[in-house]
Amino acid sequence: MRSLEFIKSRTQITIWLALIVGVSSAPFHTSCTHAQSTLPNDGSSYASWRGPAGNGSFAEAAYPTKWSDQENIQWRAVLPGRGASTPIFAAGKIFVTAADESHNYLIGISMDGDILWSEKIGHADAAKNKKASGANSSPVSDGKHVFAYFKSGDLIACDVDGKKVWETNLQSSYGEDTLWWDLGTSPVLTDDAVVIAVMQTGPSFLVALDKSTGKQLWKTDRQFNVNSESNQSYTTPVLTSQAGTQVLVTMGADHLTGHTTQGKSLFSVGGFNPKDERFFRSIASPVVYDGLAICPYARGATLTAIRLGPTLEDAKRVAWFRDDIGVDVPTPALGEDKLFLLSDDGQVSCLQASTGKTISEMRLPKNRNKYSSSPTFCDGKLYCTREDATTFVVDTSNDLELVAENEIEGDTVATLLFVDGKIYLRTYEELICIGNQ
């Protein structure tokens, strides 16, 4: 890796300077010495698609490392429709979404694989991309309610037993979806609200709805003058804690922004696209570690760590930057102080999160399928799932070492869920429970 202090190429200089100049900072009102997710680490509530810590890391347990269609499969539950969303765990149940040709569904499943309830929601919108569906966004839960968001704009809140609490449609309220492709961002929970990021051509914004009633609490514009598809974003905001204050960190439209959970803008970092490329849509979400937001961008060409605060001079916002490594679709995972990248073609890189320095790299087996699922870290191992539902298990204790290749029937772009010694793999049509027998 080449550090910022020794940048040589004109391209690196251009991007680095653009990031510095592109910062417009409203100073933080509280200091920030260590930024983490505010989600509890026991998996019992505030469940979300990136796990209990919000960073792709799961608490250590005796999880399986080997399985197949004939080995270590506890059960398979057929879902009422197709979906690309990741399942979540809350209140002793698994929750997942799906959509058929007519309707969206939010589904509650027991830990034994029984479908407990299936709530029908709105009218499904068909996917534009063959990898997607009308149910791409993952649900989120506070342990009492489950919230689900769909490509059609439908947003629903149910209690954990399947009783509908409220339902609304964001497109009816705020305007039609203008994404070129299929909705990807998932809901995020604060203490009082469910927050949705809408980042697209035309009106782009963050909106917070009351968790109990669905009524709007606040809405703030997130509109930037960027080029063509760069307006489009499929990322999910990250909720972090800074000296006891919750902050929503959002990547998209060539900018990283921070807002309070009341919608007040704290900072805006631009310059991720200094040459004004037309097609720098954003898919992989940022990862927060120790006061840094680590941001994949430029279709996998760059990786930038931005300091989130306390009050900083603009020139000190960039902690480290690389233009020789990155990811496009899978969101990186964090394991202690290590950042794990999985590229679309199976390149795995382990970086020191604080400096961006490469620790080790390896290449996973390749075939015609790509890697779209985000990697997960658990018990010193990195789990990487390919689109043919084959999961590769990599030991990270020393150098990266492939220890298992697990083939299973199905196709997927969803991320694995780890709960109490069992792994839940969602294919387009099924939810599969994997556990040591």
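Residues numbered from 1 in each chain as written. Predicted model: local features only at pLDDT ≥ 70, side-chain atom pairs only at ≥ 80, totals over all residues. Heavy atoms only, no water.

Paired through their backbone hydrogen bonds, the strands of a sheet run either parallel or antiparallel. Overall, mixed pairing links the 5 strands, which are arranged 3-29-30-31-32 in an open sheet. Pairing within the sheet leaves two strands with one partner each, and these edge strands are strand 3 (57–58) and strand 32 (401–406). Here 5 bridges tie strand 30 (residues 381–385) to strand 31 (residues 391–395), and the two strands are oriented antiparallel to one another. For Thr 385, the partnering residue across the bridge sits in strand 31 and is Thr 391. (Pairing = 2+ DSSP bridges. Helix = DSSP H or I, 4+ residues; strand = E, 2+ residues; numbered from the N terminus.)

Right, let's talk about the pairing of strand 30 for a bit. Of all 5 residues in strand 30, 5 are buried; the element is thus mostly enclosed. Burial of the side chains of strand 30 extends over both faces: Lys 381, Tyr 383 and Thr 385 are buried on one face and Leu 382 and Cys 384 on the other. Relative to strand 30, strand 29 (residues 376–378) is paired through 3 bridges, and the arrangement is antiparallel. Each bridged residue has a counterpart across the sheet, and for Cys 378 the counterpart in strand 30 is Lys 381. (Buried < 20%, exposed > 50% of the residue type's maximum accessible area, 1.4 Å probe, protein only.)

Next up on the list: a nonpolar patch on the surface. Residues Trp 180, Trp 181 and Phe 279 make up a contiguous nonpolar surface patch of about 300 Å² in total accessible area. Mapped onto the fold, Phe 279 is located in the loop between strand 20 (265–269) and strand 21 (287–289). The class of Phe 279 is partly exposed, set by a relative accessible area of 36%. (Patch = residues over 30% accessible without salt bridge, like charges linked within 9 Å, V, L, I, M, F, W, Y side chains within 5 Å. Areas by Shrake-Rupley, 256 points an atom, 1.4 Å probe, with all protein chains shown as cover. Salt bridge = Lys/Arg side-chain N within 4 Å of Asp/Glu carboxyl O.)

Attention shifts here to the environment of Phe 224. Relative to the assigned elements, Phe 224 resides in the loop between strand 16 (216–221) and strand 17 (238–242). Taking the C-alpha atoms as reference points, Phe 224 and Gly 252, 28 residues apart in sequence, are found 9.5 Å from one another.

Together, Glu 60, Glu 336, Asp 337 and Asp 379 give the surface a local cluster of negative charge. Tracing the chain through its elements places Glu 60 in the loop between strand 3 and strand 4 (73–78). For Glu 60, a relative accessible area of 62% corresponds to the exposed category. (Lys, Arg positive; Asp, Glu negative; His and termini not counted. Charge placed at Lys NZ, Arg CZ, Asp CG, Glu CD.)

In this structure the tally under the stated criterion is 13 aromatic pairs. Between Phe 58 and Phe 418, the aromatic rings sit 5.0 Å apart at their centres with planes inclined by 40°, giving tilted as the arrangement. With Phe 58 in strand 3 and Phe 418 in strand 33 (residues 417–419), the pair connects residues that are 360 residues apart, well separated along the chain. Of the two residues examined, Phe 58 and Phe 418, each falls in the buried class. Note on Phe 147 and Trp 166: the rings are 6.2 Å apart at their centroids and 45° apart in plane angle, and the pair reads as tilted. (Phe/Tyr/Trp six-rings, centres within 6.5 Å; stacked < 30°, edge-to-face > 60°.)

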